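# Observations on chain architecture
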Amino acid sequence: MKFYTETQVEQARNTNILEYMIAHGEDFIKEGRYFRHSEHSSWVFDDRNKMIYFNKSIQYDGKDVRQTSNCLTIAMMLYDLPFQEAVGDVLGTDASEVSPQFFAQQENASVFNYHKEVHEAQNFAKGLAYLTKERELDPKLVTDLYMKGLIRQDVRQNIVFKMLERSEVSQQGKLRCNGVELRGTTKIPKQKRLIKDRPYFMKLHENNELNASFHVRMTHRKPTTELKIFEAPIEVLSYISLYKATIFSDDYAKENNVEFLSMHGLKYNPVHAFYEKVVANNKVLTENSLEFYPQMTLCVNNDEAGREFAQSFRKNLLHLGYSEHFIQAKVRDELPKIEEEKGKDFNDLLKLTHQEEAKQKKRSESKENVQQTTSSTIVTQQMTS
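Residues numbered from 1 in each chain as written. Predicted model: local features only at pLDDT ≥ 70, side-chain atom pairs only at ≥ 80, totals over all residues. Heavy atoms only, no water.

Once that is clear, we can look at the overall build of the protein. When helices and strands are counted, the protein shows 15 helices and 14 strands. Here the protein, with 385 residues, has 46% of them falling under the buried criterion. Relative to all contacts within the protein whose residues are 6 or more apart in sequence, the contacts with residues 24 or more apart total 65%. Summed over all atoms, the accessible surface of the protein reaches about 21,200 Å², with 48% contributed by carbon and sulfur. (Helix = DSSP H or I, 4+ residues; strand = E, 2+ residues; numbered from the N terminus. Buried < 20%, exposed > 50% of the residue type's maximum accessible area, 1.4 Å probe, protein only. Contact = heavy atoms within 4.5 Å. Areas by Shrake-Rupley, 256 points an atom, 1.4 Å probe, with all protein chains shown as cover.)

Structure below.
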């Protein structure tokens with residue numbers, strides 16, 4: 001068996017994963033800066049960070065692998081190659097090596113320029129109609145977030161979810177936008193869809209800054225007591241629409257200050273980066289005198305990928321150095337309570353709730369009509385007797 005030098009091993013380790021997998025016959029579909037595997041749709045390669053994410057974890061060497069930037073890991077894990085053979089296999093392809101200075105360059109990348117990257121429309125009519133009618137979100141909530149500058153509409157009638165920078169110290173006034181997620185408002189014909197089960201256009205802008213994320217918070221004046229974590233901005237808005245009576249009640253607001261975060265998929269890093277800023281801000285607001293670590297609540301989809309992520313997220317926290325006691329005390333799940341055949345996420349739950357409310361209203365009106373008819377009949381009988 002041939003043995004390789006440390007330089008060759010490092011070269012293999014830093015080889016471009018996407019190019020290597022394509023050389024092995026894998027097929028990917030481009031979505032902005034992301035590439036989604038055509039057969040395994042939960043495998044997503046981030047071309048900016050040179051990282052592949054497995055939204056459904058893969059078991060390798062007794063561990064759950066959710067993401068990696070190491071091409072040798074891919075060779076050994078996906079193609080069942082021993083280490084030395086993996087090195088030779090990677091070096092034997094035409095895949096290019098990612099520069100060792102890559103991550104340093106990423107950290108110094110230019111800032112996201114919202115007005116350059118997004119061309120806003122002068123109105124929000126199409127976006128408002130889609131969010132309130134198609135998605136059935138609370139109109140007052142949508143209008144409020146529009147007025148606060150969190151959501152917009154571009155000239156192609158896409159909804160723009162703005163990712164405002166979350167600083168480590170609370171700020172008033174305008175916050176810088178460091179990324180966007182675009183959502184289409186016009187249904188794509190089935191024959192033209194890149195992903196069969198995605199009827200609307202969706203894109204994370206390729207120039208988004210690292211770990212940029214859409215988030216909403218109740219107030220910046222109080223320490224954050226809980227961070228609720230979702231897969232998409234629409235799930236954030238659906239949850240708030242569902243439980244608005246509680247969230248906006250005076251009693252709840254006295255005891256709680258919740259922040260709502262979208263991971264834009266199932267990703268560890270945006271959550272960790274955001275949580276660190278929340279904790280740093282809490283320390284300032286409490287002057288270290290109170291409990292400054294807020295609750296983390298995983299509000300992911302109630303499907304196989306979401307449930308697997310909830311488990312692997314805890315394991316990832318252990319790898320980062322969080323204690324089991326911390327995880328047991330501070331991390332919990334709040335998946336939407338919905339039957340699998342009826343949906344999986346909080347928007348599905350919101351729509352089902354509205355359907356049930358409409359049925360109850362119809363039954364109530366029907367009952368009232370029967371009672372009124374019965375009452376009228378009795379009065380008529382009394383008058384004619």
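Read on for the rest.
Okay, the packing of helix 7 (residues 125-134) against helix 8 (residues 139-147) next. Running from N to C, helix 7 and helix 8 cross one another at 150°; their axes reach a closest spacing of 9 Å. The orientation of helix 7 relative to helix 8 falls into the category roughly antiparallel. The handedness of the crossing between helix 7 and helix 8 is right-handed. In this structure, helix 7 contributes Leu-128, Leu-131 and Thr-132 to the contact, and helix 8 contributes Pro-139, Val-142 and Thr-143. Of the residues assigned to the contact of helix 7 with helix 8, the class counts are 4 nonpolar, 2 polar and no charged. (Axes fitted to C-alpha atoms, helices over the stretch in contact; angles between N-to-C directions. Parallel < 35°, antiparallel > 145°, perpendicular 65-115°, else oblique. Left-handed = near helix turned anticlockwise from the far one by under 90°. Nonpolar A, V, L, I, M, F, W, Y, C, P; charged D, E, K, R; others polar.)

Here we come to the side chain of Thr-73. Mapped onto the elements of the fold, Thr-73 is located in helix 3 (residues 71-79). The residues contacting Thr-73, other than those within four sequence positions of it, are Thr-68 and Leu-78.

Moving on: the sheet that holds strand 6 (residues 151-153). Sheet strands line up and pair through hydrogen bonds in the backbone, either parallel or antiparallel. Taken in spatial order, the 4 strands of this open sheet run 6-7-8-9, and their pairing is antiparallel. Either end of the sheet is taken by a strand with one partner, and the two such strands are strand 6 and strand 9 (202-204). With direction set aside, neighbouring strand axes in the sheet form an average angle of 25°. (Pairing = 2+ DSSP bridges.)

On to helix 13 (residues 304-319). An ideal rise of 1.5 Å per residue puts 22 Å on 16 residues; helix 13 measures up with 23 Å between its terminal C-alpha atoms. Turning to helix 13, its buried residues number three or more, namely Ala-305, Gly-306, Phe-309, Ala-310, Ser-312, Phe-313, Arg-314, Asn-316 and Leu-317. Positive backbone phi, approximately 105°, marks Gly-321, located one or two places after helix 13. (Expected span 1.5 Å × (residues − 1).)

A few words now on the pattern of salt bridges. Counting across every chain of the model gives 17 salt bridges. The salt bridge involving Glu-10 is made with Arg-13; its shortest N-O contact spans 2.5 Å. On the criterion of helical spacing, the pair formed by Glu-10 and Arg-13 is a turn pair, its members being 3 residues apart in helix 1 (residues 6-13). Given the relative accessible area of 25%, Arg-13 is considered partly exposed. The network of salt bridges with shared partners includes Glu-226, Lys-228, Arg-332 and Glu-334. (Salt bridge = Lys/Arg side-chain N within 4 Å of Asp/Glu carboxyl O.)

On to the packing of aromatic side chains, then. Under the definition given, this model contains 17 aromatic pairs. Between Tyr-268 and Phe-309, the aromatic rings sit 5.5 Å apart at their centres with planes inclined by 20°, giving stacked as the arrangement. Taken as a pair, Tyr-268 in the loop between strand 12 (258-262) and helix 12 (269-286) and Phe-309 in helix 13 lie far apart in primary sequence, 41 residues in all. With a relative accessible area of 1%, Phe-309 lands in the buried category. Measuring from ring centre to ring centre gives 5.7 Å for Tyr-293 and Phe-326, while their planes differ by 85°; the resulting arrangement is edge-to-face. Note that Tyr-293 is positioned in the loop between helix 12 and strand 13 (295-298) and Phe-326 in helix 14 (residues 324-330), a separation of 33 residues in sequence. Residue classification places Tyr-293 among the partly exposed positions, given a relative accessible area of 30%. An aromatic cluster of at least three residues, connected via ring pairs, comprises Phe-230, Tyr-239, Tyr-243, Phe-260 and Phe-346. One Lys or Arg, Lys-162, reaches over the ring of Tyr-114 and ends 4.4 Å from the middle of that ring. (Phe/Tyr/Trp six-rings, centres within 6.5 Å; stacked < 30°, edge-to-face > 60°. Lys NZ or Arg CZ within 6 Å of the ring centre and 35° of its normal.)

So, about the sheet that holds strand 13. An order of 10-12-11-13-14 is seen for the 5 strands of this open sheet, with the pairing classed as mixed. Each having just a single partner strand, strand 10 (215-217) and strand 14 (331-333) make up the two edges of the open sheet. Between one strand and the next, the sheet's axes are offset by a mean angle of 20°, whatever the strand orientation. Alignment of strand 11 (residues 226-230) against strand 12, held across 5 bridges, turns out to be parallel. Pairing of Leu-227 across the sheet is with Glu-259, part of strand 12.

Functional significance is not addressed by these values, which are geometric in nature.
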